[in-house]
Structures are given as structure tokens and as C-alpha cells.
Amino acid sequence: MSVKEYVEKARKDGASDIHLVRGLTPRYRVDGAIREMEGAPLTSDDCLVAARELAGSEIRHGEAVGELDLALTIAGVRCRVNLFRQQEAWSAAIRLLNDHIPDLSELGLPKVVGEFPAYSQGLVLITGETGSGKSTTLAAVLNQINRNEAKHILTLEDPIEYVYTPEKCVINQREIGRDTGSFATGLRAALREDPDVILVGEMRDLETIETALTAAETGHLVFGTVHTNSAADSIDRIVDVFPAERQQQIRLQLSMSLKAVLSQQLLPKVGGGRVLACEVMKTDGAIRNLIREGKTPQIANSIQTTGSLGNILMDKALNALYAAGTISKETFESALRDPGVKNSAPLRPASPNIHSAPFPPPPSRGSRLPLE
């Protein structure tokens, strides 16, 4: 089978990822589980043919460095591709992306997330593991701004996943490695490009985080992603990037500029598919004080007592999904942050007070979906 045929098959079966590895039959991920596709085990030549089909003229660069990131449209499906060498053969990981940017209302997100596009400035973090739906959430938020506001949106992505169609907004999408050297250099340049809204695909190094905080403080609305599992962990991760003598200053900047943190998990749903569980932290005076004073262990309690703002702890969201019978006991217990919640879990009472609609169906990344 050709790469095009693999993608067509994966799209039909609702898969999120395809893996091509020498010595194995082609595999794909459906509802979070790796499954075999039809076909014989791949040879080195099979993998080389697939790599050349995917990389085209860039195959020489891949051969020189050992890996290659690409964003392609294959068989009408937008795909994110990573080619890499292993044991002197090519392997490929192909992620299927959405054909269209979904509306926020389609994603099963907490209602308060609908406020994010209306923010005029500040920092909003979308966090979670790889494959937790961060990119999809961010695309939906930015596209809502695009539909309703006359602004300049500038994105820095590695690689570009969703391609926006400008409506009311001017939109520039820059890809790391092609359009700019790094997130840090692209973000520094962004401050001279008259943006209203900036998307930073990944906030992982000191210079990128520092510039993002500066942008948020100077009147821009900045969206960024962090690979953490809770609001408190996200704050600690950002602060810990900096040397000890600067951390108090960063806590102060973060306390003033951070508007909200949304942490996501995509979990196996009873009966098949995946369901989204979210923790939300909008900042208020008390939370800003905790950030400034370095008392992040107390943030969970503050989230729990500010439900009127729309805040919700991840464990409470999981509890509601389990109570509704949407996720199994095993999934519930494995996803909990605080093991003590397990002992007080409800035995599935009636309807829960949570948005539990699944992410959009194929031809997306299946129900797995990453904004890594």
C-alpha cells in the first residue's frame, strides 16, 4: 500500500496516528490503542519508498540530520509527519488532523472557556500531555476571534497544523524551521509585527517564556501550551525554567499577566471513543497572591472554592464523568490526581454537571487529538 492508501484507510477507521516501522505490519491508533492494519511486514525498501513519498526533495536534509518534521495534505487529509532513522532504516509517525477547525461548542469544553476569545490581553495557557487536544482547543479559540473580531493574529507553530481562513482577522502563521529559526526568535520578531493575538505553539525555554510574559504585559493576548497536567504544575514549570535569583520576579510577572489555565485529558469512553476532562483555573486576587508568594500547593484548594468563576479541579471533572458512567472505574482511578478522591467517589448517580461531549469525529486525529 502507498502512504496515500494508509491515510485513506486510517481516515475511514477513525484513526489518529499511523506508524510505519521496518519489520512490522503497518499500525494505526484508534481510540488510543495501537492496532494492526492490513498488509505484510514492511521491509527497509518499503520504508524508504514511504519516506521519499512523504519528504520529496527534503529527504536529503532528513538523511543528514536523522529526522524530519513535515506538515502535508495526503489524500485530502491534513497530516503532521515525523520521519526518523532507527537501526539504519526509516520510520514514520503520521498524525491525521482535522479537515476543519471545530467550533468551541463542539468540543465538550467547560462553558467558561468560551470567555477566552473575549480577553483583550494577558496570558492563557492550554496544558496537557501529547495527544490531549491542546492544538484543537487553541484552533477553535483563535477561529472564534477570527469570526468575530477585526484583529491581527500571529501564530508560531512547529509545524503548522490547522490552516486558518481569514474572516474578520488578518492572520499570519509562521512555521518554526521554515519561516523563523525558533519560537524565541519568532516571538521577539512578533513584537514588531503589530499583533493583537499571539499563539506560541510551545513554551519550553527561558527566552520564549520571558518574551511571552513581556508580550502579555504590554497589551497583547498570548496563548501558549505547556506539557503539564494541572494549573499548579504549569506555574511551577514556568517559574522553574529561570535561575533562582530571577524566580521571584517571574512569579510577580506571572501573577499580573496570567488570565487562565486550561488543563486537558482525553480518556477512553465507555462504549468506544474518547471524552475530554478539563481543569480550569481563572485567576482572581487570591490565586494571584498564591502565585506571587510561591504557594502553588494551595492553588488546588483555591480552585475548588472559586467554582462561581467557572473554576474546576481535574479530579472533580473526572468524578462527574465517572458518576455519569461515561468513563470506567479503571480509567477514573488511573486519571486521578489525588488518590484520596478514589475512596469518596460516587457510585454513578444521575446526570453529572459537566460538559462531556466527545471531540469531533474523523477525519480528525480520531478521538485522540493532540495544540501539542
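### Some thoughts on the overall build of the protein chain
For step 1, the next point in the chain: Scanning the protein chain from terminus to terminus reveals 12 helices and 13 strands.
For step 2, the next point in the chain: Its C-alpha radius of gyration of 21 Å places the protein chain within 12% of the 21 Å reference for a compact globule of 372 residues.
For step 3, the next point in the chain: Looking at the protein chain residue by residue over its 372 residues, the buried ones come to 54%.
For step 4, the next point in the chain: Split by element, the accessible area of the protein chain, about 15,800 Å² in all, is 47% carbon and sulfur.
For step 5, the next point in the chain: The averaged location of the 47 negative side-chain charges in the protein chain is 3 Å from the averaged location of its 41 positive side-chain charges.

### Remarks on the nonpolar core
For step 1, the next point in the chain: Ranked by size, the top nonpolar core spans 35 residues in total, and within it Leu-123, Leu-254, Leu-258 and Met-281 carry the most contacts.
For step 2, the next point in the chain: Contact partners of Leu-123, with chain neighbours within four places excluded, come to Met-203, Leu-213, Ala-216, Val-222, Leu-254, Ser-257, Leu-258, Lys-259 and Ala-260.
For step 3, the next point in the chain: Of all hydrophobic cores here, the second largest spans 33 residues; its members include Ile-126, Ala-139, Ile-145 and Leu-199.

### Remarks on the side chain of Glu-279
For step 1, the next point in the chain: Inspection of the secondary structure puts Glu-279 in strand β13 (residues 274-282).
For step 2, the next point in the chain: Salt bridges are absent for the buried Glu-279, whose nearest opposite-charge side chain, Arg-337, sits at 5.6 Å.
For step 3, the next point in the chain: There is a polar contact of 3.0 Å between the side chain of Glu-279 and the backbone nitrogen of Met-314.
For step 4, the next point in the chain: The residues contacting Glu-279, other than those within four sequence positions of it, are Ser-230, Ala-231, Val-261, Leu-262, Ser-263, Ile-303, Ile-312, Leu-313 and Met-314.

### Some details on the sheet that holds strand β12 (residues 258-268)
The strands making up a sheet are joined through hydrogen bonds of the backbone, oriented either antiparallel or parallel.
For step 1, the next point in the chain: Taken in spatial order, the 7 strands of this open sheet run β9-β8-β10-β11-β7-β12-β13, and their pairing is mixed. Every interior strand has two partners, whereas the edge strands, β9 (170-175) and β13, have only one. Across the sheet, the mean angle separating the axes of adjacent strands is 15 degrees when strand polarity is ignored.
For step 2, the next point in the chain: Bridging between strand β10 (residues 197-200) and strand β11 (residues 221-226) involves 4 bridges; their strand directions are parallel. Within β11, the position partnered with Ile-198 by the bridge is Val-222.
For step 3, the next point in the chain: Lying over the sheet, helix α11 (residues 314-323) contacts β12 and β13, oriented at roughly 145 degrees with respect to β13.

### Description of the environment of Asp-99
For step 1, the next point in the chain: Within the fold, Asp-99 resides in the loop between β6 (89-96) and β7 (122-128).
For step 2, the next point in the chain: Counting along the chain gives 64 residues from Asp-99 to Val-163, while the straight-line C-alpha distance between them is 9.4 Å.

### Remarks on the pairing of β10
For step 1, the next point in the chain: What you see with β10 is no split at all: Val-197 and Leu-199 on one side and Ile-198 and Val-200 on the other are buried throughout.
For step 2, the next point in the chain: Here strand β8 (residues 152-157) pairs with β10 via 4 bridges, running parallel. Each residue of the ladder has a partner; that of Leu-154, found in β10, is Ile-198.
For step 3, the next point in the chain: Viewed along the sheet, the connection from β10 through helix α6 (residues 206-217) into β11 turns out right-handed.

### A look at the sheet that holds strand β1 (residues 17-20)
For step 1, the next point in the chain: Read across the open sheet, the 6 strands follow the order β3-β2-β1-β6-β5-β4; overall the sheet is antiparallel. Among the strands making up the open sheet, the edge pair consists of β3 (33-36) and β4 (67-74). Between one strand and the next, the sheet's axes are offset by a mean angle of 25 degrees, whatever the strand orientation.
For step 2, the next point in the chain: Strand direction decides the pairing type here: β1 and β6, joined by 4 bridges, are antiparallel.

### Comments concerning the packing of aromatic side chains
For step 1, the next point in the chain: Scanning the entire structure with this criterion turns up 2 aromatic pairs.
For step 2, the next point in the chain: Each ring, one from Tyr-322 and one from Phe-332, has its centre 4.7 Å from the other, and the planes form 10 degrees; the classification is stacked. Placement of the pair is Tyr-322 in helix α11 and Phe-332 in helix α12 (residues 329-335), with a sequence separation of 10 residues. Each member of the pair, Tyr-322 together with Phe-332, is buried.
For step 3, the next point in the chain: When the ring centre of Tyr-119 is taken as origin, the NZ or CZ atom of Lys-259, which lies over that ring, is 5.0 Å away.

Parameters and conventions
Residues numbered from 1 in each chain as written. Predicted model: local features only at pLDDT ≥ 70, side-chain atom pairs only at ≥ 80, totals over all residues. Heavy atoms only, no water. Helix = DSSP H or I, 4+ residues; strand = E, 2+ residues; numbered from the N terminus. Rg over C-alpha atoms; globule rule 2.2 N^0.38 Å. Buried < 20%, exposed > 50% of the residue type's maximum accessible area, 1.4 Å probe, protein only. Areas by Shrake-Rupley, 256 points an atom, 1.4 Å probe, with all protein chains shown as cover. Lys, Arg positive; Asp, Glu negative; His and termini not counted. Charge placed at Lys NZ, Arg CZ, Asp CG, Glu CD. Core = buried A, V, L, I, M, F, W, Y, C linked by side-chain atoms within 4.5 Å. Contact = heavy atoms within 4.5 Å. Salt bridge = Lys/Arg side-chain N within 4 Å of Asp/Glu carboxyl O. Polar contact = N/O pair within 3.5 Å; in protein donor to acceptor, adjacent residues only side chain to side chain. Pairing = 2+ DSSP bridges. Axes fitted to C-alpha atoms, helices over the stretch in contact; angles between N-to-C directions. Right-handed = clockwise from strand over helix to strand, strands pointing away. Phe/Tyr/Trp six-rings, centres within 6.5 Å; stacked < 30°, edge-to-face > 60°. Lys NZ or Arg CZ within 6 Å of the ring centre and 35° of its normal.

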